[in-house]
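Here is how the chains run, residue by residue.
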Amino acid sequence: MAKYDYRGAVHCHSTYSDGTGSVEEIMAAANDAGLDFVILTDHDTMKPKQEGEDKWHGSAMLICGTEISPEKNHLIAVGEEELKDVESMKNLSPQECINAVNKQDWISFLAHPDHEGVEKFDVPSCKWEDWSVQDYAGMGIWDLQTDWQEQLNRDELTTDLYTDFARHLTGPKDETLNRWDELCQKGKVIGLGEITNHNFKREYEGKEYQIFPYETAFRTIQNHVLLDEPLAKDYAVARKQVLDAVREGQYYISFDFWDDPTEFAFEIDNGETVAPMGGTVELGEEVTELVAMLPEDALINVFHNGKSIHEEEANEVLIEINEPGVYRLEAMRNDLTWILSNPIWVTGEAPQPEIEEPEEEETVEEEPAAEETPAEEPSADDEQAQE
Ligand SMILES: [Zn+2]
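About the criteria used
Residues numbered from 1 in each chain as written. Predicted model: local features only at pLDDT ≥ 70, side-chain atom pairs only at ≥ 80, totals over all residues. Domains from an automatic or database assignment. Contact = placed C-beta atoms within 7 Å. Helix = DSSP H or I, 4+ residues; strand = E, 2+ residues; numbered from the N terminus. Core = buried A, V, L, I, M, F, W, Y, C linked by C-beta atoms within 7 Å. Buried ≥ 20, exposed ≤ 12 C-beta atoms within 10 Å, placed from the backbone. Expected span 1.5 Å × (residues − 1). Pairing = 2+ DSSP bridges. pLDDT = per-residue confidence, 0-100.

Points about the domain arrangement of the protein chain
Step number 1: Entries for the protein chain in the domain assignment read domain 1 (4–257) and domain 2 (263–357).
Step number 2: The distance between the C-alpha centroids of domain 1 and domain 2 comes to 27 Å.
Step number 3: Each partner contributes to the interface: domain 1 provides 22 residues, whereas domain 2 provides 18 residues.
Step number 4: Elements with a contribution of two residues or more to the side of domain 1 that touches domain 2: β7 (138–143), α6 (174–184), β8 (190–194) and β12 (251–255).

Structure below.
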C-alpha cells in the first residue's frame, strides 16, 4: 500500500541555545536540503515556540521540541503544546524527567545514547547511562555527531575526514543496535535518527571549519514518516500528522546523502491485517508474510529478535514468518547503512511441531511441521477475500 513519505531531521540547535544559526538560517537550509520538517531541540527551552517559530518556513515546517540536558542522560522531547517547566527538568532524575514529559503528552527519546566524546578535543561524553528507566517512546539509534566524532579519535587526522565525511562514517554502533534489539524484545522502543547539529565553528591547525553546516547535516541522517494522507497545509494539522507517526514509530531512518530512499516500504501481513512499522500483528491463521520494497537494490538484512534471518542483495523482500517476536530491516549501500526500519512486533504462538499425544489428530511425523498450513477447502467467502 503506497504511503506518503515525508522527510525530517531531528536534533538540531539554533541560537536559542548553543547552535550558531538563527531559526531563519536553519529553515532556509532545510528548504535547500528538501526537508519537510525539522524537529528543533534547543537545550531546556521553549523559547522558539513562544516566539512563534512553530510554523511553515517555506516548504519545511519547524516543530519545536527540546533537549533536556543534564550532564549525562539527555532526553529529546517533542509535542504539540508548550512543554511546561522545561527549564528545571534537567534537575530531575532521568525517570522523573520521562514521567514529566509523558504527563504533558509529549514524546521522549533517549538522545545519542552511546556518545563517547573526543578526549583530544575536550568533547565530553554525553551518553545515556541510566538504563533502569522505562516508559520512554524510543532512543536514538544513529547519530551523525557520535559517528563522525569517533573518527576524530584516530592518531592521524586528515582533512578528508571533513571534506569527504560520508566515506568515513561507520553507521549505527553495534552496541546501540544490540541494546535496542534487546529492549524491543521487552516492549515497544522506537528508533530515532539524530544529527545533533549545532553548525559549530571550530579551529584546527589555524583553519576554521563548520561542523557540520546545517544544510550538509540535513542531507545525511533523516527520519521518513509514512502517512496515509498527504500532509495538510494547515500547520497545526500537519504537525499532528507528523507527531502521531513519530509517536507510533511509523517511520524509517535513512542516510539520504547518496541515495534517496523514498518509496521504501516495510510491512507484515497476516492475511487479515497489515502492520506498518511501529505496529503489532498476530501470526496469521494461515500465512504471515514480511514484505519490503526499496527504490533500488541494496544489501538487505532482516532481523528477528536481533538475529539476521535473511540476507539478500535485492530491491524487495518477501518472506514467510512463523515465529512471534520483533522484526526489523537494515539495508546497506556503499558499505554504509542506508535504511533502518522501525520494528514490527509479531504476537501469537509459533506452530508447534506435532510430536506428543496426537489424540484425534492425524499421524505424527518425525519431521517438524511443514511450513505451509494445509489450506481449508475454498468457499465462496474465501474467494471474495482474495480481492
Ligand atoms: Zn545532547
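Next, the rest of the story.
A closer look at the nonpolar core
Step number 1: Counting 96 residues, the largest nonpolar core has Ala30, Phe37, Val38, Leu75, Ala77, Val242 and Tyr327 as the members making the most contacts within it.
Step number 2: For this core, the element with the highest residue contribution is strand β16 (residues 289–304), accounting for 7 residues.
Step number 3: Two domains share this core, each providing at least three of its residues, namely domain 1 (4–257) and domain 2 (263–357).
Step number 4: Other than its neighbours up to four places away in sequence, Tyr327 contacts Ile268, Leu290, Val302, Phe303, His304, Ile321, Pro343, Ile344 and Val346.

Concerning the environment of Ala28
Step number 1: Structurally, Ala28 is set in helix α1 (residues 23–32).
Step number 2: On the neighbour-count criterion, Ala28 (17 C-beta atoms within 10 Å) is partly exposed.
Step number 3: In this structure the C-alpha to C-alpha distance between Ala28 and Tyr214, which are 186 residues apart in sequence, comes to 9.4 Å.

Quick word on the environment of Ala350
Step number 1: Note on placement: Ala350 falls in the loop between β20 (344–347) and α9 (380–385).
Step number 2: Under the C-beta neighbour-count criterion, Ala350 is labelled partly exposed, with 13 such atoms within 10 Å.
Step number 3: In sequence terms Ala350 and Glu323 are 27 residues apart; their C-alpha atoms lie 4.9 Å from each other.

Section: helix α4 (residues 144–151)
Step number 1: Along α4, the positions that sit buried rather than exposed are Leu144, Gln145, Thr146, Asp147 and Trp148.
Step number 2: On the buried face of α4, the contacting elements are β7, β8, α7 (214–218) and β11 (221–227).

Re helix α8 (residues 235–248)
Because each turn of an α-helix spans 3.6 residues, side chains separated by three or four positions in sequence point in the same direction.
Step number 1: Here α8 spans 20 Å end to end across 14 residues, near enough to the 20 Å set by a 1.5 Å rise per residue.
Step number 2: Every buried residue of α8 is accounted for by Ala238, Arg239, Gln241, Val242, Leu243, Ala245 and Val246.

Some points on the pairing of strand β9 (residues 200–204)
Step number 1: The buried fraction of β9 amounts to 0 of the 5 residues, a small share that puts the element mostly on the outside.
Step number 2: The pairing of β9 with strand β10 (residues 207–211) spans 5 bridges and is classified as antiparallel. Among the inter-strand pairings, Tyr204 is bridged to a residue of β10, identified as Lys207.
Step number 3: What sits between the antiparallel neighbours β9 and β10 is a turn of 2 residues, in which Glu205 has the positive phi angle 50 degrees.

Structural notes on the confidence of the model for the protein chain
Step number 1: Averaged over every residue, the pLDDT of the protein chain is 91; residues scoring 70 or more account for 91%.
Step number 2: Overall, residues 372–387 carries pLDDT values under 50, and its contacts beyond four positions in sequence, including any with other chains, amount to 3 contacts.

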